[in-house]
Amino acid sequence: MSKTEAPEEQSEQSGLDAAGAQLSTAPKEDAPNLPSLGVIGWFRWFWRQLTSMRVALILLLLLSLGAIPGSLIPQNNVDELKVQDFMDRHSTLGPLYDKLQLFDVYSSVWFSAIYILLFVSLIGCIVPRTWQFVGQLRGRPPGAPKKLTRLPAYTTWRTEAEPEQVHEAALAVLKQRRFRAHTAAGSVAAEKGYLREAGNLMFHIALIVMLIAFAAGQLFKSEGGKLITEGDGFANTLSQYDDFKSGSLFDTEELAPFSFKLDDFEGTYEKSGPNRGTPRTYRANVTYSEGVDGPEKKKSIEVNKPLEIDGSKVYLIGHGYAPTVTVRDSKGEVVYRNSVPLLPIDQNGTATGAIKVLDGYKNKSGKKEQLGFNAFFVPTFAGEGKGQMFSQFPAPDFPVLALSAYHGSLGVDSGVPQNVYQLDTRKMTKFKDSRGELFKKRLLPGETMKLPGGQGSITFEKDIKEWATFQISQEPGSLWALVGAVAAIAGLAGSLFIQRRRVWVRAVRGADGVTVVEMAGLGRSESAKLPEELADLAARLHDEAPSAPEPNHAPEAETVSGSDPDAVPAEGAEK
Amino acid sequence: MNLATTLAAAEPNEDLARISNVLIYSAMAVYLLAFFAHMAEWLFGSRSKVARTAAALTPAKTAAKAPEVTAKATGGGTATLERPKVVTRSVTGSRDVPDGPGASAGDEKGDLYGRIAVSLTVLAFLLEFGGVLTRALSVQRAPWGNMYEFSITFSTVAVGVYLTLLVLKKNVAWLGLPLVTTVLLDLGLAVTVLYTESDQLVPALHSYWLWIHVSTAIFCGAVFYVGGVGALLYLFRDSYETKLASGGQPGKFATSVLERLPSAASLDKFSYRLNAAIFPLWTFTIIAGAIWAGDAWGRYWGWDPKEVWSFITWVAYAGYLHARATAGWKGRKAAYLALIAFACWLFNYYGVNIFVTGKHSYAGV
Ligand code: HEM
């Protein structure tokens, strides 16, 4: 509307406002008046500001701005090593960033402040809007404004039907189209599209559900890793994990009581061509049971296909080889037999590790000692004299185990936690070969290496096992997050695709005794659909109240006076 | 050995990959022709007298015309009415400026070139589509494993959206030139900087979620892009209209070009409708990504840079939709927000893959 409106037009405008009143529950925008008095006054002012659309918008923009640094600066929750590296390289910036919690953006005080304020605002917005909406559902759409011609969509015709008949027919037509309609003050008022508001409220409520679910997930989650060799099992208790992380409210009691056994690991690899060696399948076949002693079930776990048990998910993370070795003492008695997991160091499965014989071994003179072997394993050996010892292919086509031997103390009793894949040789003595060098040997499956001086032997068994690492995570609340997400999308669709609109029908007997029917529609935003729908409704009503024959004299006299000079025909306005 | 970085599948088919490349290059050549045709359309259009008529610039004061009731006589002599005619009028305070006459502005030659341009665009679209398809066949998977493949799919979909709108008889002919220009830029970048030999996927991408998540992401991007062009042109056209309304005289070039665009109100509505319509799908895309991440990485949300920027983009578009509902933020301010939101999307698409490393660094730039 132009700014210079005649007084009459202004009153028309207020009539229009009334017609459009409560077409949405969005809060009214009022200028940020300064509060008048007192603490309560200030609090009220603050609350009104916080729950206004303007502040919601600003908080939304702040939220997206605030999220940016977390994507550019290394984050503790993603990669602590990178954070450390950053700290080492930036002596001034590092501590400053640390103070500003820029390494923990998403749990920082300031980021939390933004989203907590936003969600307080959201709740402060939803509650009154819900009440209002319930009120609107109970109430009736407002009566027709005086001048229907001013509404965005308008049509009129003359009929011989009585005004009451027209109103009744209109009521029927509108109700059939699932408008909420009623007769009020000589006109029919109808409204449709309440689902838009319902959807919008549902969307905003779903956001809160998602936030709570996410927060709960962070606080109660747990995540641990475990390496399991074929044939071995795992029971879900804290002591069985290799490493374990959990949220601050997590209680070990909450670990779901299940167990599983790795029956066998299958890896297949591309055999030829430029992609030779690239894995084709990785599959861990497991037998698991739910609860303390539930029935056993079989399942295979693949990358992207975790096993779900009782709210926990078991992911396949990595794999490698665990050659089986048997160690005998000088008397030929077996003192150690185990499949020892070795850590892969390249894509072809070359792996290193340590074999530690902690007890049971006595040397030739009958003294208790510990044995240690550095192990180097290749699943596919290049062949004697063909360059280095690295594996040529990831499958165990030509497995070779290279060992070097030590005796003495493995140093595990010192109380210092030890890396199981490394040998601490500080308190150990090398076995020496004839030339006085470290005693080492390459073994094929089934071959035995005799320790010098008849001190016993170690056999590389034919039974080469594979191992797999698993991540076991529990993230409570993810179901609620999903429910929230689905509700959010549904609500959004309702909110954005449904148009809330009102239609009025007024039939008045004209001076010449012929009834003039006027129909008008109003939506919350301009839409091409509104006039289309009105035309459709009008056509239906027109069937019930057909046009009167044109009077012979100046045909348009009646309507011209009521029409608006600014009116633009429908074809011109909406393209 | 970490499984997530090593698993891959069948070998690519080199012949198909080569055919795909040829098709993409051909598509570029045809787009280039379409670009010249559009230029000709605009140039011929600028000569047109139609464009200069003041009527196109001033609010249409259609002579007082009563809502029409057309009577039609049928067989028995009783007069029955056709559909009562509905009259519309703007109550939202937008200027009642009619849309401009389009690039050719009624100039016959311009119009001809316009048609040629659209035909060429259809041809280029088909070629490019074939390029994407053969690429997919050559690797026997969804063609969305690296940035090159993203880029070619993205522009195909953007052009597809444009052509669909054309088929639906929407007033989008004005999109032709800016769209073809950016498609050329996108493809140019794709074949030079981003080109990657067709190859297998890293295993975390082995999932039907790839189809769901990535296809909707690309589609959303294409629609956001078209919406963004609308918002940008809205800003130009709006300042042009404001200047005219306040009695100013916009520059000659601005007049020649902008007067032929749809009215600011139409552009605004166009941009809003696209952005609003696609927002729920973008929400779905992010959620689908989260579900996939839950399966592939063991957590559904981990603030990985790609996730962060999807979130930022999402919040920015939510801000845009809010802005439209907030007094004082309608119009230009909202349009700026739409552009910022699209910039976030673009950064997520190019910037994050190139400058930031994260779990999503399959990019293979
Ligand atoms: C958590 C952050 C929020 C997000 C992501 C969000 C998102 C959205 C979106 C996408 C819409 C568009 C739907 C439509 O146009 O109908 C919308 C509408 C709306 N939002 Fe929010 N919103 C948030 C917070 C808030 C807050 C704090 C308030 C209240 C102060 C609020 C009040 C509204 C209202 C009243 C509408 C409807 C406007 C209308 O009827 O057109 N929102 N919101």
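Residues numbered from 1 in each chain as written. Chains lettered and ligands numbered in written order. Predicted model: local features only at pLDDT ≥ 70, side-chain atom pairs only at ≥ 80, totals over all residues. Heavy atoms only, no water.

Asker: Describe the overall build of chain B, naming the residues involved and giving the relevant values.
Answerer: Helix and strand content of chain B: 9 helices and 3 strands. Seen in sequence order, chain B has helices and strands lined up from the N terminus as α-β-β-β-α-α-α-α-α-α-α-α. Taken across its 365 residues, chain B has 58% of its residues classed as buried. Expressed as a percentage of contacts within chain B between residues at least 6 apart in sequence, the contacts between residues at least 24 apart total 82%. For chain B, the exposed area adds up to about 15000 Å²; of that, 68% sits on carbon and sulfur atoms. (Helix = DSSP H or I, 4+ residues; strand = E, 2+ residues; numbered from the N terminus. Buried < 20%, exposed > 50% of the residue type's maximum accessible area, 1.4 Å probe, protein only. Contact = heavy atoms within 4.5 Å. Areas by Shrake-Rupley, 256 points an atom, 1.4 Å probe, with all protein chains shown as cover.)

Asker: Mind laying out the overall build of chain A, listing which residues take part and the relevant values?
Answerer: Along the backbone of chain A there are 12 helices and 23 strands. For chain A, long-range pairs separated by at least 24 residues make up 65% of all intrachain contacts whose partners lie at least 6 apart in sequence. Summing over all exposed atoms, chain A offers an accessible surface of approximately 29000 Å²; the carbon and sulfur share of this is 56%.

Asker: Got a sec to walk through the UniProt feature "transmembrane region" (unreviewed entry) in chain A? Specific residues and values, please.
Answerer: All names here are of chain A. In the numbering adopted here, UniProt assigns the feature "transmembrane region" (unreviewed entry) to residues 55–73, 109–131, 201–220 and 479–498. Between the end C-alpha atoms of residues 55–73 there is a gap of 28 Å, over a span that is 95% helix and 0% strand. Along residues 479–498, the helical share is 95% and the strand share 0%, with 28 Å between the first and last C-alpha atoms. (UniProt positions renumbered as here; feature names shortened; annotations may be inferred.)

Asker: So what's going on with the pairing of strand S14 (residues 351–357) of chain A? Which residues, and what values?
Answerer: All names here are of chain A. Across the 7 residues of S14, 6 count as buried, placing the element largely inside the fold. As defined by bridge partners, strand S13 (residues 343–344) adjoins S14 across 2 bridges and the pair is classed as antiparallel. Within the sheet, the bridge partner assigned to leucine 343 lies in S14 and is threonine 352. The antiparallel pairing of S13 with S14 creates a hairpin that spans 6 residues between the two strands, and glycine 349 there sits at a positive phi of about 90 degrees. Here S14 pairs with strand S15 (residues 370–378) via 7 bridges, running antiparallel. Looking at the pairing, threonine 352 lines up with phenylalanine 376 of S15. (Pairing = 2+ DSSP bridges.)

Asker: Quick rundown of the UniProt feature "transmembrane region" (unreviewed entry) in chain B? Include the residues and the values.
Answerer: All names here are of chain B. If you check UniProt for "transmembrane region" (unreviewed entry), the listed places come out as residues 22–44, 116–138, 150–168, 175–196, 208–236, 274–293, 308–327 and 334–352 in our numbering. This span, residues 175–196, is 77% helix and 0% strand, and a straight line between its end C-alpha atoms measures 30 Å. Measuring from the first to the last C-alpha atom of residues 274–293 gives 28 Å, for a span that is 100% helix and 0% strand.

Asker: How would you explain the site of the ligand if you had to name every residue and give the values?
Answerer: The local shell around the ligand holds 28 residues, among which Cys125, His204, Ser495 and Arg524 of chain A together with His322 of chain B are the closest. Chains contributing residues to the immediate surroundings of the ligand are chains A and B. At 2.5 Å, a side-chain N or O of serine 495 of chain A approaches an oxygen atom of the ligand. Within the side chain of histidine 322 of chain B, an N or O atom sits 2.5 Å from a nitrogen atom of the ligand. In the shell around the ligand, the residues fall into 17 nonpolar, 8 polar and 3 charged. (Near = heavy atom within 4 Å. Polar contact = N/O pair within 3.5 Å; in protein donor to acceptor, adjacent residues only side chain to side chain. Nonpolar A, V, L, I, M, F, W, Y, C, P; charged D, E, K, R; others polar.)

Asker: Tell me about the domain arrangement of chain A, residues and numbers included.
Answerer: Often, the extent of an interface is quoted as the loss of accessible area on bringing the components together. Considered domain by domain, chain A is made up of domain 1 (36–133), domain 2 (141–193 + 501–561), domain 3 (220–315 + 471–486) and domain 4 (320–466). The gap between the C-alpha centroids of domain 1 of chain A and domain 2 of chain A is 51 Å. (Domains from an automatic or database assignment.)

Asker: Please give an account of the packing of aromatic side chains that cites residues and values.
Answerer: Evaluation of the coordinates by the stated rule reveals 41 aromatic pairs over all chains. Ring plane angle 40 degrees and centroid distance 5.7 Å describe the contact between phenylalanine 265 of chain A and tyrosine 282 of chain A, whose orientation is recorded as tilted. Taken together, the residues phenylalanine 265 of chain A in strand S7 (residues 258–269) and tyrosine 282 of chain A in strand S8 (residues 279–290) connect sequence positions 17 residues apart. Residue phenylalanine 265 of chain A is classed as buried on the basis of its relative accessible area of 3%. Each residue in the set Tyr106, Trp110, Phe111 and Tyr115 of chain A together with Trp301, Trp303 and Phe311 of chain B is aromatic and connected to the rest through ring pairs, giving one cluster. (Phe/Tyr/Trp six-rings, centres within 6.5 Å; stacked < 30°, edge-to-face > 60°.)

Asker: Give a detailed account of a nonpolar patch on the surface, specifying residues and quantitative values.
Answerer: Residues and elements named next belong to chain A. Among the surface-exposed residues, Leu479, Trp480, Leu482, Val483 and Val486 lie close enough to one another that they form a single nonpolar patch of about 520 Å² accessible area. Mapped onto the secondary structure, valine 486 falls in helix H9 (residues 478–497). Classification of valine 486 as exposed rests on a relative accessible area of 54%. (Patch = residues over 30% accessible without salt bridge, like charges linked within 9 Å, V, L, I, M, F, W, Y side chains within 5 Å. Salt bridge = Lys/Arg side-chain N within 4 Å of Asp/Glu carboxyl O.)

Asker: Now, about the sheet that holds strand S9 (residues 296–301) of chain A: what can you tell me, with residues and values included?
Answerer: Residues and elements named next belong to chain A. Strand order in the open sheet formed by 4 strands is S5-S7-S8-S9, with antiparallel pairing between adjacent strands. A single partner strand is all that each edge strand has here, and the edge strands are strand S5 (233–235) and S9. The sheet shows a mean angle of 25 degrees between the axes of neighbouring strands, taken without regard to direction. By the bridge criterion, 6 bridges tie S8 to S9 in an arrangement that is antiparallel. Note on S9: the bridge partner recorded for serine 289 is glutamate 296. (Axes fitted to C-alpha atoms, helices over the stretch in contact; angles between N-to-C directions.)

Asker: Pulling in residues and values, what's your account of the environment of lysine 465 of chain A?
Answerer: Residue and element names in this part refer to chain A. Relative to the assigned elements, lysine 465 resides in strand S20 (residues 457–474). Distance from lysine 465 to aspartate 264, taken between C-alpha atoms, is 8.6 Å for residues 201 residues apart in sequence. Those residues in contact with lysine 465 that sit more than four places away from it in its chain are Thr229, Glu230, Gly320, Tyr321, Ala322, Thr324 and Ser339.

Asker: Account for the packing of helix H8 (residues 194–220) of chain A against H9 of chain A, with residues named and values stated.
Answerer: Geometrically, a packed helix pair is captured by the angle between its two axes and the distance between the axes. All names here are of chain A. Two numbers describe how H8 lies on H9: the axes approach to 7 Å, and their chain directions differ by 155 degrees. Considering their axes alone, H8 and H9 lie roughly antiparallel with respect to each other. Crossing of H8 over H9 shows left-handed handedness. Counted together, Leu195, Arg196, Gly199, Asn200, Met202, Phe203, Ala206, Val209, Met210 and Ala213 of H8 and Trp480, Ala481, Gly484, Ala485, Ala487, Ala488, Ala490, Gly491, Leu492, Gly494 and Ser495 of H9 form the full contact between these two elements. In terms of residue class, the contact of H8 with H9 is built from 14 nonpolar, 6 polar and 1 charged. (Parallel < 35°, antiparallel > 145°, perpendicular 65-115°, else oblique. Left-handed = near helix turned anticlockwise from the far one by under 90°.)

Asker: Report on the side chain of serine 289 of chain A, specifying residues and quantitative values.
Answerer: In this structure, serine 289 of chain A sits in strand S8. Apart from the residues within four sequence positions on either side, serine 289 of chain A is in contact with Phe258, Ser259, Gly294, Pro295 and Glu296 of chain A.

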